[in-house]
Amino acid sequence: MARAVLDAALAKRRAAAQQPRRRTGGKGGEKRLRGYSGPGPDPRDPQLFGAVLERLMKARGWERPKAEATVFGAWEKVVGPDIAAHSRPVKLDGGVLTVEAESTAWATQLRMLTGRLLRQIAGEVGHNVVTRMNIHGPAAPSWNRGPRRVQGRGPRDTYG
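Heads up: these notes are all about the structure in this document.

All right, on to the side chain of T114 then. Inspection of the secondary structure puts T114 in helix α7 (residues 114-125). The contacts of T114, once residues within four sequence positions are left out, are M133 and I135.

Shown next, in the form of structure tokens:
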């Protein structure tokens, strides 16, 4: 029985010696994991920082916060220089963007351009990031506090 096992092993060795040797790491679709990568692209090669950052953001699920930050950080690029010079984003909460205009006239103009602005924002940062816009004029000064504040209803000859 031992002789039969030895003969089988010798026959297997002779058969392997007669076949041509295959090189590992060649073009046979096998990836070579050690040594130099060669002329083709390899996952170990240096990567562009932007590409690595994009993969990281996708893996961690940070696309939506990135898009929301783009609305504030690149406001001039998103809506254009004319509108950006006369307005600024204040808050983005639940898809509702609050924009403060420079004057009440600009607030009215922006309300008429809301549809176009929503399309521009969607084209720049993605759909469903901003679904609605609340546009208001500049905040009026508060007369509730200050050095000349009068307790009660105040004097009746000024405002009323």
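Taken in spatial order, the three strands of this open sheet run β1-β2-β3, and their pairing is mixed. Here the strands that pair on one side only, and so sit at the sheet edges, are β1 (87-93) and β3 (132-136). Neighbour to neighbour, the strand axes of the sheet diverge by 25 degrees on average, direction disregarded. Note that strand β2 (residues 96-101) and β3 share five bridges and pair parallel. In the strand pairing of β3, V96 is matched with R132. Contacts from helix α3 (residues 63-73) reach β1 and β2 within the one sheet, and its direction differs from that of β1 by about 160 degrees. Lying over the sheet, helix α6 (residues 104-112) contacts β1, β2 and β3, oriented at roughly 160 degrees with respect to β3.

For α7, spanning 12 residues, the distance from its first C-alpha to its last is 16 Å, which sits close to the expected 16 Å at 1.5 Å a residue. Listed in full, the buried residues belonging to α7 are T114, L117, I121, A122 and V125. Projected onto a plane normal to the axis of α7, the buried residues spread over an arc of 135 degrees and lie on a single side. Turned more than 90 degrees from where α7 packs its buried face, R119 and G123 sit exposed. Tucked into the core, α7 has its buried residues touching α3, α4 (75-79), α5 (81-86), β2, α6 and β3. With its phi angle positive at about 115 degrees, G126 sits one or two positions after the end of α7.

Calculation criteria
Residues numbered from 1 in each chain as written. Predicted model: local features only at pLDDT ≥ 70, side-chain atom pairs only at ≥ 80, totals over all residues. Heavy atoms only, no water. Helix = DSSP H or I, 4+ residues; strand = E, 2+ residues; numbered from the N terminus. Contact = heavy atoms within 4.5 Å. Pairing = 2+ DSSP bridges. Axes fitted to C-alpha atoms, helices over the stretch in contact; angles between N-to-C directions. Expected span 1.5 Å × (residues − 1). Buried < 20%, exposed > 50% of the residue type's maximum accessible area, 1.4 Å probe, protein only. Arc of directions from axis to C-beta.

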